[in-house]
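Each chain is listed here by its residues.
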Protein chains: 2
Amino acid sequence: MELEFLGTGAGMPSKGRNTSSLALKLYEERGTIWLFDCGEATQHQILRTAIKPRKIEKIFITHLHGDHIFGLPGLLSSRSFLGGEEPTPLTLYGPSGLKGWVHFTLELTKTHLNYPIRFVEIEEGIIFEDEQFIVKAKELEHVIPCYGFRIEQKPLPGELYIEKALKLGVPKGPMLGKLKNGEDVVLDNGTIVYSKEVTGPPKKGFVVTVLGDTTYCRKSIELSKDADVVIHEATFDHATANLAKDYGHSTNVEAAKMAKEAGAKYLILNHLSARFLPHDIEKLLKEAKQVFPNVFVAHDFSKFHWKNGKLNELYF
Amino acid sequence: MELEFLGTGAGMPSKGRNTSSLALKLYEERGTIWLFDCGEATQHQILRTAIKPRKIEKIFITHLHGDHIFGLPGLLSSRSFLGGEEPTPLTLYGPSGLKGWVHFTLELTKTHLNYPIRFVEIEEGIIFEDEQFIVKAKELEHVIPCYGFRIEQKPLPGELYIEKALKLGVPKGPMLGKLKNGEDVVLDNGTIVYSKEVTGPPKKGFVVTVLGDTTYCRKSIELSKDADVVIHEATFDHATANLAKDYGHSTNVEAAKMAKEAGAKYLILNHLSARFLPHDIEKLLKEAKQVFPNVFVAHDFSKFHWKNGKLNELYF
Ligand SMILES: [Zn+2]
Ligand SMILES: [Zn+2]
């Protein structure tokens, strides 16, 4: 799992930060990418990365402010026109109203997509589940309906004790794979070998929580409970905290407090105001660190890799 | 008058060319900018120029394809949020359907602008006129309704013969300005001095023709008749001419032929496919030059300055 930030600014694009978009790259897990929000020029940012729009399987929209959706029609359209492999169906999760706007916009511009879009109108609770993942949504506290998402990877098969399996007569080959994935197998001589005989306990999957714009609130904490990585906005800093609440936003320190109370492992701050200069960002990070040590500030094109229970920022 | 190209690509953004937008800078003439088309990330391109969104007085939309309008909601919104001087009212000229989409989009995203927008639905004929300019529109030939615009600057006051005016008893000061601008004045002693006594013949204003996506057609020629500068698409080149007509587009050579038949002075090609590599562009320019010598190919951020009847490309 890897996180690549495509836009980390608040409200308007600036030279340094584009409006919101975040790619959750699940190449190893399922060969696809999930996108969270799609501010204007997200497709332009993608042009500067290795991301292929056709690999995007799902787009989650936290809320219907322009800085989170104005890039959607262009991305959907280019995903269709770009050559390459057959485009996969796409699922769009968004608040009520998104579907109508996307349809209206594609219709107006006579944009005919060469792949189907499935729309899921977000309500609190489980909005997606398959054998690998479960995604839960809760409504946060912003000036308009805005959601946060908790992405839980289901437990992974435990370690396969190969020596033990071979000793029980399992031949090298596909049967070993089946056993590792939890299936029991029947040997040529009729013996049944049970998966749980030859595998260790299942491994815990990761939990990533992506929160939309919000003030410090209880539901953020619930969504972030024991999460491995929490992505939280920091539109304001401690010095401008009085403004945060008025505009339905949070400060760096509130985000850190939230992550601490939730017992999260790592926190990444995004959605930063263009007002902040580089030394403000340093200060903002320092302030948050005093409350919650495992914190990062995202920049456009920041990448974070999750491996063996640790989050590492990748530098180039 | 200056032309600054903000996006010169066709269909989709590429690393080298953004989707369509062109700024006609009328700083000297009226202190404002007129924009033609507004592809996604036009506001991002503007961030890299000296253009102030609040100086944009009019936006003309040639047609409702996404690569010509997806940047509009973001630009309108940022024009409101950006600090600085009081924003001026804005007039949007577009084909039927534009107003509904802009209203729907601003409403959906709860975007409240701090300036009024006036919508003018384009029909063939004069779509704007004041004491300085007259703008005429005609429908071109594209796969959806698409317009071209002829911007005519009205004749400018002729040269003021100062010596002659002083000799007639006009005092130095504001009366000279009035005479230059065509007003007659009454001296303290009751004598009337007529403007035409002390000024030369009016000077011809410039004519700029901005054409939307189109095949080679008669109305392009009518709009470009004796124009000083014509901006014309060249989505295809001579080698791919058979495709041009099918998709409602033109080649470089067709654009050049059109400019020649219209008796235009200068031609600038834009709306180029991302397929074209630098050496293709050179070839494309050469081919066009054989038909119409005064031709340029626009790149993103290309600037052209109009002065004393000549168009000069500005290099930095
Ligand atoms: Zn936001
Ligand atoms: Zn076009």
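In case you missed it, the structure is sitting above this.
Definitions and limits used
Residues numbered from 1 in each chain as written. Chains lettered and ligands numbered in written order. Predicted model: local features only at pLDDT ≥ 70, side-chain atom pairs only at ≥ 80, totals over all residues. Heavy atoms only, no water. Donors = N, O, S within 2.8 Å, 3.2 Å for Na, K, Ca; no water. Tetrahedral: all angles 85-135°; square planar, octahedral: opposite > 155°, others 65-115°. Helix = DSSP H or I, 4+ residues; strand = E, 2+ residues; numbered from the N terminus. Buried < 20%, exposed > 50% of the residue type's maximum accessible area, 1.4 Å probe, protein only. Axes fitted to C-alpha atoms, helices over the stretch in contact; angles between N-to-C directions. Parallel < 35°, antiparallel > 145°, perpendicular 65-115°, else oblique. Left-handed = near helix turned anticlockwise from the far one by under 90°. Contact = heavy atoms within 4.5 Å. Nonpolar A, V, L, I, M, F, W, Y, C, P; charged D, E, K, R; others polar. Pairing = 2+ DSSP bridges. Expected span 1.5 Å × (residues − 1). Arc of directions from axis to C-beta.

Asker: Can you help me understand the coordination of the zinc ion (ligand 2) in this one?
Answerer: As a benchmark, a tetrahedral metal site with four donors has ideal angles of 109.5 degrees, while an octahedral site with six donors has ideal angles of 90 or 180 degrees. Residues and elements named next belong to chain B. Distances from the zinc ion (ligand 2) to its protein donors, Asp67 (OD), His68 (NE2), Asp213 (OD) and His271 (NE2), fall at 2.1 to 2.6 Å. One can describe the donor arrangement at the zinc ion (ligand 2) as irregular, given that its four donor atoms subtend angles of 87 to 169° at the metal. The sequence pattern formed by the donor residues of the zinc ion (ligand 2) is D-H-x144-D-x57-H. Of this pair, Asp213 sits in the loop between β12 (207-211) and α9 (218-224) while His271 sits in the loop between β14 (266-270) and α12 (278-291), and the two are 58 residues apart along the sequence. One exposure class covers both Asp213 and His271, and it is buried.

Asker: Honestly, the packing of helix α4 (residues 72-81) of chain A against helix α5 (residues 98-108) of chain A in this entry has me stumped. Any pointers?
Answerer: Angle between the axes and distance between the axes are the two parameters that describe a pair of packed helices. All names here are of chain A. Between α4 and α5, the shortest axis-to-axis distance is 10 Å and the interhelical angle comes to 60°. For the element pair α4 / α5, the angle class is oblique. Here α4 and α5 pass one another in a crossing that is right-handed. Between α4 and α5, the residues in contact are Leu72, Pro73 and Leu76 and Leu98, Trp101, Val102 and Thr105, respectively. Across the contact of α4 with α5, the residue classes break down as six nonpolar, one polar and no charged.

Asker: Looking at this structure, how should I read the sheet that holds β12(B)?
Answerer: Either a parallel or an antiparallel arrangement is found when strands of a sheet pair, and the pairing is made through backbone hydrogen bonds. Residues and elements named next belong to chain B. Spatial strand order, β7-β8-β9-β12-β13-β14-β15: seven strands in an open sheet with mixed pairing. Across the chains shown, the open sheet's two edge strands, defined by having one partner strand only, are β7 (125-129) and β15 (295-297). Strand-to-strand twist of the sheet, defined as the mean angle between neighbouring strand axes without regard to direction, takes the value 20°. Bridge count between β12 and strand β13 (residues 229-233): three bridges; the pairing is parallel. Its bridge partner lying in β13, Val210 is registered against Ile231. Sheet contacts for helix α11 (residues 252-262): β12, β13 and β14; angle to β14, the most-contacted strand, approximately 155°. This element, α12, spans β14 and β15 of the sheet and lies at about 165° to β15.

Asker: I'm lost on helix α12 (residues 278-291) of chain A in this one. Help?
Answerer: Structurally, the α-helix is built with 3.6 residues per turn, so residues lying three or four positions apart point the same way. All names here are of chain A. With 14 residues, α12 extends 21 Å from end C-alpha to end C-alpha; this agrees with the ideal 20 Å at 1.5 Å per step. Among the residues of α12, Asp280, Ile281, Leu284, Glu287 and Ala288 are the ones counted as buried. The buried side chains of α12 occupy one side of the element, clustering within an arc of 125° when seen end-on. Exposed side chains of α12 directed beyond 90 degrees from the buried face belong to Pro278, His279, Glu282, Lys286 and Gln290. Looking at the packing, one finds that the buried side of α12 touches α11 (252-262), β14 (266-270) and β15 (295-297).

Asker: Looking at this structure, I do not really get the packing of α11(B) against α12(B). What am I missing?
Answerer: Residues and elements named next belong to chain B. The interhelical angle for the contact between α11 and α12, taken along N-to-C directions, is 25°, at an axis separation of 8 Å. By the angle class used here, α11 and α12 are roughly parallel. The way α11 lies across α12 gives a crossing that is right-handed. Touching Asn252, Val253, Ala256, Lys257 and Lys260 of α11 are Leu284, Glu287, Ala288 and Val291, all from α12. Its residues assigned to classes, the contact of α11 with α12 shows five nonpolar, one polar and three charged.

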